[in-house]
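Reading the structure
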Amino acid sequence: MSAHDAVPVSLAEIARIAGVGRAAVSNWRRRHDSFPTRIGGTDVSPQFSLAEVERWLRDNGKLRVIGGRELLWPRFEALGSRNESGLAIAEAARRMRSSKARVAHPELSARARDLVAEAARVGREEGPRETFEFLLQRWLETHVRQLSTTPPQLAGLMARIALAVRLGPAQGGLTLLDPACGTGHLAAAAVQEYDSPGLEVLACERDPALAALTAGRLEFLAEDRDIRTRIATADTLRDDPFPGAKADIALCNPPFNERDWGYEDLATDQRWTHGLPPRTEPELAWVQHLLSHLKPGGAAVVVLPPAVASRKAGRRIRGSLLRTGALRAVVSLPPGSAQPHSVSLQLWILRAATDGPAVTPPNQDALLVDATRFARAGTREPSPDWDSLGSFVLTAMATLDRVDQEPPKSAVRVPLLDLLDDEVDVTPGRYTAATAEPSRKELAGKWDEFGSVLTDLADHAQRLSALDFEAETSQTTTTVGDLVKAGALTLRAGQQPLESTTTARGAALPLLTIADLLHDGTPSGVVPSGSAPAIAEEGDVVIAGVARAFKAWVHEGPPIALGPQLYILRVDAQKLEAHFLAGCLRAPANGRQAGTHASSSSRVDIRRLQVLQLPLEKQTVYAETFRRLRTFEGLLASADSSGKGLVSDMSDRLAAGGLTA
């Protein structure tokens, strides 16, 4: 069997190649005895030979008219190594543009080099740039847990902010710096936003595969344009590849929470003009690195976790950044703006001081912008309303140096004296909380929203109250432990992340802990994915194994790391329905029965939790009712929150006077 024949594909991949849904492929497999036999995987997730599948699809008229790139990707994925497949895609991009291009990555295996040649041929036939972008996107989707990328909408917004707030004209064109470029999302956005001639891009990435992909992407964008690019592979903080270079704008989405960033090696580095960053504040090292590379009046926009704005360890550096006018603005973004998606990340807008009288010195107040309200409603996963978010942030940025112009609502210009206290907290929400009483229109809208919640609550209450139960039930139950032994599910315990573990650049996950559940349920931290022993995927059942925080739910959304005393149950979909399992487990009596002690601090023995023994079709009926009960619970919480908010707003409105008879 040749290497090509051995390339495995899943049912989902076959569906993508054929242009149908996965259910159609499963149906073909059941109805046609000639369908290729499984060569690997499991009964639940079987794998088939790509060559046999392609032949069967063609022979049976199931293969739509598709480009060769659809058949290319499984072969790249079959290379196995993330690094080799990434380097092979980058090499293919070079060969697509020029068949005589010299080999940039001789370390590629013979199998990878053959695939590069085939991809280059397909690219020249079907469009080099389109083929490269297709392969790059599939590569990113496959390795999403190991990589952190900046969404194109956020990258575009950051580029527009930097171009808008920099002072003075660019001399002989514009120089852009991205010292942690990943796969080049920020650099690509800046190239697209800057439409004048003479653009130089300086980018650095310590991961060779990511740096190569950035180079491939930018070389396509540079076609027919006056753009020069220099892409370096290096650890920027330890070994700056562009010493002495100065940029007009800098964009950066650095890795978060990296303790091994070079604290000992860089203690006397000249970049720390605002103070040596503490070991636990690597993000402030990136901030000062960016400032050291800015031309006078140059601007930088950097993505940071929210804790950087308030952590005690960084207050001295924050104070220096404010006093010197280097930190001009902070923007709190809605959850879902970038990885980790459950965290409200921030944009810090930095600007280097001007060195002459040509530009009027800006005022020293900091602009704090709370844009967290621009989350898209009605979506399962956190997702910003990018159009509204971008318009609002850019409107706020237009007031940055205009003391005669008031910022829009939810943005405020804060004097330095109010910021330079013992905490030096620059979290926007601390200063932008509404102080004025709500308008009549706003109150009317909130009352309408409250009424809608009550209507939904009454509807669910009516449906739930109509449920009937047998007078006496003797339904058989089993335990989680027995289900694990039977192979119906797997159990994994959360642990304290290993902070010393190094990971691919920027690969971070939100971290959920018991303390978060006791607060508001929102993950309060992020961790490198490689240091997270337990990661919940979409569809997993998560259980809190402490009596005072006992609960169980089906995780929905991007992967999330779990801390101690949290557990993952991954079900076999042929035997268990996840929502049915979670509904059974979260019954309060179940938790009490499985508790190890009588106190609220006791642990719950997860293996002793009881689950009804029902056939799969009956589980589905129970699961739907459990979902309705959860919705009812959510509506209760929403009604409570909305009602309390209305009481507060009405109190403010009444205290302001103007009540009519």
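Each value, and the rule that gives it
Every chain begins its residue count from 1, and numbering advances along the sequence as written. This being a predicted model, a pLDDT of at least 70 is required before a residue's local features are given, and a value of 80 or more before pairs of side-chain atoms are given or counted; all residues contribute to the totals for chains, interfaces and linings. Just so you know, side-chain values use all the structure's heavy atoms and leave hydrogens and water out. The numbering of helices and of strands both runs from the N terminus, where a helix is a DSSP run of H or I of at least 4 residues and a strand a run of E of at least 2. By definition, residues are in contact when any of their heavy atoms lie within 4.5 Å. Burial status follows relative accessibility: with a 1.4 Å probe on protein chains alone, a residue under 20% of its type maximum counts as buried, one over 50% as exposed, and anything between as partly exposed. Only rings of Phe, Tyr and Trp enter the pairing, Trp through its six-membered ring, and a pair is recorded when the two centres are within 6.5 Å. The plane angle decides the type: under 30 degrees is stacked, over 60 is edge-to-face, the rest tilted. Fitted lines through C-alpha atoms give the axes, limited to the stretch in contact for helices. The angle between two N-to-C directions lies from 0 to 180 degrees. Angle categories: roughly parallel below 35 degrees, roughly antiparallel above 145, roughly perpendicular from 65 to 115, and oblique for all the rest. Take the far helix as the reference: if the near one is turned anticlockwise from it by less than a right angle, the crossing is left-handed, and if turned clockwise, right-handed. Any carboxyl oxygen of Asp or Glu within 4 Å of a side-chain nitrogen of Lys or Arg constitutes a salt bridge here. Strand pairing requires that DSSP identify at least two bridges connecting the strands. We call a crossover right-handed when, viewed with both strands directed away from the observer, the connection leading from the first strand over the helix to the second proceeds clockwise. Under the convention adopted here, Pro, Cys and the residues Ala, Val, Leu, Ile, Met, Phe, Trp and Tyr are nonpolar, Asp, Glu, Lys and Arg are charged, and Gly plus all remaining residues are polar.

1. Concerning the environment of Asp365
Structurally, Asp365 is set in the loop between strand 10 (346-351) and strand 11 (366-370). It is 9.2 Å that separates the C-alpha atoms of Asp365 and Val403, two residues lying 38 residues apart in sequence. Excluding residues that lie within four positions of it along the chain, Asp365 makes contacts with Arg328, Arg413, Val414, Pro415 and Leu416.

2. Description of the side chain of Thr236
If you trace the backbone, Thr236 turns up in the loop between strand 6 (227-233) and strand 7 (247-252). If sequence neighbours within four positions are ignored, Thr236 has contacts with Pro179, Cys204, Pro241, Arg271, Trp286 and His289.

3. Some thoughts on the environment of Leu154
In this structure, Leu154 sits in helix 8 (residues 152-165). Residue Leu154 is classed as buried on the basis of its relative accessible area of 0%. In this structure, Leu154 is in contact with Val303, Leu333, Ser337, Ala338, Leu347 and Trp386, ignoring residues within four places of it in sequence.

4. Observations concerning the packing of aromatic side chains
Aromatic rings in a pair are described by how distant their centres are and how their planes are angled relative to each other. Under the criterion given, the structure shown has nine aromatic pairs. Between Phe35 and Trp56 the ring centres are 5.0 Å apart and the planes differ by 65°, which places this aromatic pair in the edge-to-face class. Taken together, the residues Phe35 in the loop between helix 2 (22-31) and strand 2 (40-41) and Trp56 in helix 3 (residues 50-59) connect sequence positions 21 residues apart. The residues Phe35 and Trp56 share a single accessibility class, namely buried. Arranged with centres 6.2 Å apart and planes meeting at 80°, the rings of Trp261 and Trp272 form a pair that is edge-to-face. Of this pair, Trp261 sits in the loop between strand 7 and helix 11 (282-292) while Trp272 sits in the loop between strand 7 and helix 11; the two residues are 11 residues apart in sequence, bridging distant segments of the chain. By relative accessible area, Trp261 is classed as buried at 3%. Joined through ring pairs, the aromatic side chains of Trp28, Phe35, Phe48 and Trp56 make up one cluster.

5. Section: the packing of helix 16 (residues 440-465) against helix 21 (residues 616-655)
One can describe the packing of helix 16 onto helix 21 by two numbers: an axis separation of 9 Å at closest approach and a directional angle of 155°. With respect to helix 21, the element helix 16 is oriented roughly antiparallel. Seen from above, helix 16 lies across helix 21 with left-handed handedness.

6. Let's talk about the pattern of salt bridges
Enumeration over the complete set of coordinates arrives at 32 salt bridges. For the salt bridge of Asp207 with Arg82, the shortest nitrogen-to-oxygen distance reads 2.6 Å. Of this pair, Asp207 sits in the loop between strand 5 (199-205) and helix 10 (208-221) while Arg82 sits in helix 5 (residues 82-97), placing them 125 residues apart in sequence. Assigned by exposure class, Asp207 and Arg82 land together as buried. Across the pair Arg279 and Glu264 runs a salt bridge whose closest N-O atoms are separated by 2.4 Å. In this pair, Arg279 sits in the loop between strand 7 and helix 11 while Glu264 sits in the loop between strand 7 and helix 11, placing the two residues 15 residues apart along the sequence. Glu264 gets classed as exposed once you look at its relative accessible area, which sits at 52%. A cluster of three or more residues bridged by salt bridges with shared partners is formed by Asp235, Arg238, Asp260 and Asp265.

7. Comments concerning the pairing of strand 8 (residues 294-304)
Along strand 8, nine of the 11 residues are buried, which leaves the element largely enclosed by surrounding structure. Here strand 7 pairs with strand 8 via five bridges, running parallel. By the bridge assignment, Cys252 is partnered in strand 8 with Val302. As for the winding sense of the linkage, the β-α-β connection from strand 7 through helix 11 to strand 8 is right-handed. By the bridge criterion, six bridges tie strand 8 to strand 10 in an arrangement that is antiparallel.

8. A few points about the pairing of strand 5
Most of strand 5 is tucked away: seven of the seven residues are buried. Burial along strand 5 is two-sided: the face carrying Leu199, Val201, Ala203 and Glu205 and the face carrying Glu200, Leu202 and Cys204 are both buried. Pairing analysis gives five bridges linking strand 4 (residues 174-178) to strand 5, with the strands arranged parallel. Paired with Leu177 across the two strands is Leu202, which belongs to strand 5. Once you follow strand 4 into helix 9 (residues 185-193) and on to strand 5, the crossover reads as right-handed. Sheet topology places strand 5 next to strand 6; seven bridges connect them, and they run parallel. Counted as the bridge partner of Glu205 is Thr233 from strand 6. Traced from strand 5 through helix 10 to strand 6, the parallel crossover comes out right-handed.

9. A word on the sheet that holds strand 19 (residues 551-554)
Pairing is antiparallel in the open sheet, where four strands are placed in the order 14-21-18-19. A strand with exactly one partner marks an edge of an open sheet, and here the two such strands are strand 14 (489-493) and strand 19. Strand-to-strand twist across the sheet, computed as the mean angle between neighbouring axes with direction ignored, equals 20°. Here strand 14 pairs with strand 21 (residues 566-571) via five bridges, running antiparallel. Residue pairing across strands places Leu491 opposite Leu569, the latter belonging to strand 21. The strands touched by helix 19 (residues 578-585) within the sheet are strand 14, strand 18 (541-544), strand 19 and strand 21, with strand 19 carrying the most contacts at an inclination of about 170°.

10. Details of the packing of helix 8 against helix 9
Angle between the axes and distance between the axes are the two parameters that describe a pair of packed helices. At a closest axis distance of 8 Å, the pairing of helix 8 and helix 9 adopts a crossing angle of 55°. Here helix 8 lies oblique to helix 9, going by the angle between them. As for the relative orientation of helix 8 and helix 9, their crossing is right-handed in sense. For the pair helix 8 and helix 9, the contacting residues are Ala155, Gly156, Met158, Ala159, Arg160 and Leu163 in the first and His185, Leu186, Ala189, Ala190 and Glu193 in the second. The class makeup of the residues in the contact of helix 8 with helix 9 is seven nonpolar, two polar and two charged.

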